[in-house]
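# Observations on the model geometry
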Amino acid sequence: MKHLHLHFLLLLSCISLLRCAVVPAADDGGRRRESRALLKWKASLSGGDTYLSSWTTPANSSSPCSWDFITCDSAGDVTGLNITGTFASQDLDAGLRGTLAALDFSAFPRLQTLQLSQNNLYGAIPEGIGNLTGLVSLNISFDFLTGPIPRSIGQLEHLSVLALQFLLLQGRIPDEIGNLTSLQVLELTHNALTGSVIPPAAASGSRLTWLGLSQNSLSGGIPLEIGNMSELRGIDLGYNINLEGPLPNTLSRLGKLRYLLLSNNRFGGDLDSSQLGSNNSNLLQIDVESNDFTRVSARSICAGGALEDFKGNSNSPWQVLSSGTTVFLETSANCLASSRSRSFRRSTSAKTSSVGRFHLSW
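The notes below deal with the structure included here. Quick caveat, the model's predicted, so the values are computed rather than measured. (Residues numbered from 1 in each chain as written. Predicted model: local features only at pLDDT ≥ 70, side-chain atom pairs only at ≥ 80, totals over all residues. Heavy atoms only, no water.)

## Looking at the sheet that holds strand β7 (residues 144-147)
On the basis of which strands lie adjacent, the open sheet formed by 5 strands has the order β3-β5-β7-β9-β11 and parallel pairing. Of all strands in the sheet, those with a lone pairing partner are β3 (97-98) and β11 (192-194), marking the two edges. As defined by bridge partners, strand β9 (residues 168-172) adjoins β11 across 3 bridges and the pair is classed as parallel. Residue pairing across strands places R172 opposite T194, the latter belonging to β11. (Pairing = 2+ DSSP bridges. Helix = DSSP H or I, 4+ residues; strand = E, 2+ residues; numbered from the N terminus.)

## Re a nonpolar patch on the surface
On the surface, Y122, F144 and L168 cluster together into a nonpolar patch covering about 260 Å² of accessible area. Looking at the element boundaries, L168 is found in strand β9. (Patch = residues over 30% accessible without salt bridge, like charges linked within 9 Å, V, L, I, M, F, W, Y side chains within 5 Å. Areas by Shrake-Rupley, 256 points an atom, 1.4 Å probe, with all protein chains shown as cover. Salt bridge = Lys/Arg side-chain N within 4 Å of Asp/Glu carboxyl O.)

## Comments concerning the packing of aromatic side chains
Enumeration over the complete set of coordinates arrives at 4 aromatic pairs. Taking the centre distance of 5.4 Å and the plane angle of 20° together, the rings of Y51 and F69 count as stacked. Taken as a pair, Y51 in helix α3 (residues 48-51) and F69 in the loop between α3 and β1 (70-72) lie far apart in primary sequence, 18 residues in all. We classify Y51 as partly exposed; its relative accessible area is 23%. Judged by centre distance (4.6 Å) and plane angle (10°), the ring pair of F142 and F166 falls under stacked. With a gap of 24 residues between them, F142 in the loop between β6 (137-139) and β7 and F166 in the loop between β8 (161-163) and β9 connect regions that are remote in the sequence. Aromatic rings pair up to connect W41, W55 and W67 into one cluster. (Phe/Tyr/Trp six-rings, centres within 6.5 Å; stacked < 30°, edge-to-face > 60°. Buried < 20%, exposed > 50% of the residue type's maximum accessible area, 1.4 Å probe, protein only.)

## Brief notes about the pairing of strand β5 (residues 120-124)
With 2 bridges joining them, β3 and β5 adopt parallel strand pairing. If you follow R97 over to β5, its bridge partner there is N120. Bridging between β5 and β7 involves 3 bridges; their strand directions are parallel. The residue of β7 that forms the bridge with A124 is T146.

Following this line, the structure appears as structure tokens:
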């Protein structure tokens, strides 16, 4: 799944960088403020003198544009701060170590990209992050940040990518996420978030293409409003354990959906065209392993012809119905159809077979 996450983040990050928030250019005083803010944050960090050794202000310049990890526009304003560390679990001294508390976000009105992944950052995400009103891409991942997602995130009206994955964040996904009408990627995998999948307001008029909320502690069902997120290509809700109930019929509205990843939860009931749509021609992968589904219509699932991977081990004993269609079951990957088997043979007589935990009927 990490490859899917990285694929979507890379794709949408590239798209997002083509967009530019319209913010007045900073004068020389503004650039001095940017430099002071960065130097103050550097002084608060362990390892800053080594890792950020280029962050110094010559007597004849107030600009940080020549510093490592800094990107500026043609006017000399800071538009990117990209410090991707070399953190590895066996080397706790790699990268930067410290908090975001000393970083004055309001000093960067034209910042479009903030990337602070794979360091040793800890503590909370400050509410002041909402002052980055020109931000398009925010990625702070594989660090040790704790506490809630700040509600001020909702002030970032130009935000296209929000990636806060593999952290220690807690609390509910704030309703203010619904204010991010430009958001295309929401990646919050591997935290300790609780509450519902998405606030209903977040689904209205959404441009979201990737919803990554796996490996959290979310509960309840998938809200009906998810059907309003018509641009979704991927949904990953795996390993939340306490997500439950039948899948909403409104999933059938998501005609562009390619990945539906729901493993290790308590979803149940039937899985057929009422949830996936009668022409689910874009679905490539479905993973519903370790849930409580009791009935699956293979013909409905495979109707689109594009499905490459279906995984469904460790559910209740299944009755898989294909209604006259021979089902090819690849037991090693539990695919209903391999990528090389795009067509299904008709069968004139009813047959039944048992393969592992699956009861097939065709």
